[in-house]
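What the coordinates show
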Amino acid sequence: QVQLVESGGGLVQAGGSLRLSCAASGRTFSTYVMGWFRQAPGKEREFVATISWSGGSTYYADSVKGRFTISRDNAKNTVYLQMNSLKPEDTAVYYCAAAWSITPGRLIPDEYQFWGQGTQVTVSS
């Protein structure tokens, strides 16, 4: 079991930056695949980025590639999402998620077993 708590959301102007953090409880954080998802009002939760247990592999949604960077610090039980060049369409609740493992190519919410409560990101135009 792992508990996840996100922080770092807020209101930012288009073109600005935010860094989200997700603190995990438990001593097995380094064994989990970690991911970030987001959900805008009236839309389904969508994949943003994921990182392997070692940090050696990362994958991004096309919509954020080149602007967002996922990273993790296993010593601090924390995963980060650095978001640059933010756009109004990035506005959503951002969720941190953990998985024991994921099927290659299946970057969907069902692959992740544990979720945080979410943090709001609002990008104004």
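Let me begin by describing the structure that accompanies this report.

**As for the overall build of the protein chain**
A tally of regular secondary structure across the protein chain gives zero helices and 11 strands. Put simply, the protein chain runs from its N terminus to its C terminus through helices and strands in the order β-β-β-β-β-β-β-β-β-β-β. Radius of gyration (C-alpha) of the protein chain: 13 Å, near the 14 Å computed for a compact globule of 125 residues. Each principal axis of the C-alpha atoms in the protein chain carries an extent, and together these give about 40 × 30 × 25 Å. Relative to its full complement of 125 residues, the protein chain shows a buried share of 44%. In the protein chain, once contacts between residues fewer than 6 apart in sequence are set aside, the share between residues at least 24 apart is 58%. A total of about 6500 Å² of accessible surface is found on the protein chain, and carbon and sulfur atoms cover 49% of it.

**Thoughts on the nonpolar core**
Ranked by size, the top nonpolar core spans 37 residues in total, and within it Leu 4, Met 34, Trp 36, Val 79, Leu 81, Met 83 and Tyr 94 carry the most contacts. Counting only elements with at least two residues in this core, the list comes to strand S3 (18-24), strand S4 (33-39), strand S5 (46-51), strand S7 (68-73), strand S8 (78-83), strand S9 (92-99) and strand S11 (119-124). With six residues, the top contributor of residues to this core is S9. Tyr 94 has contacts with Glu 6, Leu 20, Trp 36, Phe 37, Arg 38, Val 48, Phe 68, Leu 81, Met 83, Gly 118, Thr 119 and Val 121, leaving out every residue within four places of it along the chain.

**Some thoughts on the environment of Gln 120**
Tracing the backbone shows Gln 120 in strand S11. With relative accessibility at 39%, the residue Gln 120 sits in the partly exposed group. For Gln 120 and Thr 69, which are 51 residues apart along the polypeptide, the C-alpha to C-alpha distance reads 18 Å. Beyond its immediate stretch of four places on either side in the chain, Gln 120 contacts Gly 9, Gly 10, Thr 91, Ala 92 and Val 93. Among the polar contacts listed, one links the side chain of Gln 120 to the backbone oxygen of Ala 92, at a separation of 3.4 Å. Within the structure, the side chain of Gln 120 is placed 3.3 Å from the side chain of Thr 122, a separation counted as a polar contact.

**A word on the packing of aromatic side chains**
Inspection of every chain in the model, using the stated rule, returns seven aromatic pairs. Between Tyr 32 and Phe 114, the aromatic rings sit 5.9 Å apart at their centres with planes inclined by 85°, giving edge-to-face as the arrangement. Here Phe 114 lies in strand S10 (residues 114-115) and Tyr 32 lies in the loop between S3 and S4, a separation of 82 residues in the sequence. Look at Phe 114 and you get buried, because its relative accessible area is 10%. Grouping aromatic residues by their ring pairs yields a cluster made of Phe 37, Phe 47, Tyr 95, Tyr 112 and Trp 115.

**Structural notes on the sheet that holds S7**
Spatial strand order, S1-S3-S8-S7: four strands in an open sheet with antiparallel pairing. Of all the strands in the sheet, just strand S1 (4-7) and S7 have a single pairing partner and so form its edges. Within the sheet, the average angular offset between the axes of one strand and its neighbour, ignoring direction, is 15°. Here S7 runs beside S8; their pairing, made up of six bridges, is antiparallel. Counted as the bridge partner of Arg 72 is Val 79 from S8.

What counts as what
Residues numbered from 1 in each chain as written. Predicted model: local features only at pLDDT ≥ 70, side-chain atom pairs only at ≥ 80, totals over all residues. Heavy atoms only, no water. Helix = DSSP H or I, 4+ residues; strand = E, 2+ residues; numbered from the N terminus. Rg over C-alpha atoms; globule rule 2.2 N^0.38 Å. Buried < 20%, exposed > 50% of the residue type's maximum accessible area, 1.4 Å probe, protein only. Contact = heavy atoms within 4.5 Å. Areas by Shrake-Rupley, 256 points an atom, 1.4 Å probe, with all protein chains shown as cover. Core = buried A, V, L, I, M, F, W, Y, C linked by side-chain atoms within 4.5 Å. Polar contact = N/O pair within 3.5 Å; in protein donor to acceptor, adjacent residues only side chain to side chain. Phe/Tyr/Trp six-rings, centres within 6.5 Å; stacked < 30°, edge-to-face > 60°. Pairing = 2+ DSSP bridges. Axes fitted to C-alpha atoms, helices over the stretch in contact; angles between N-to-C directions.

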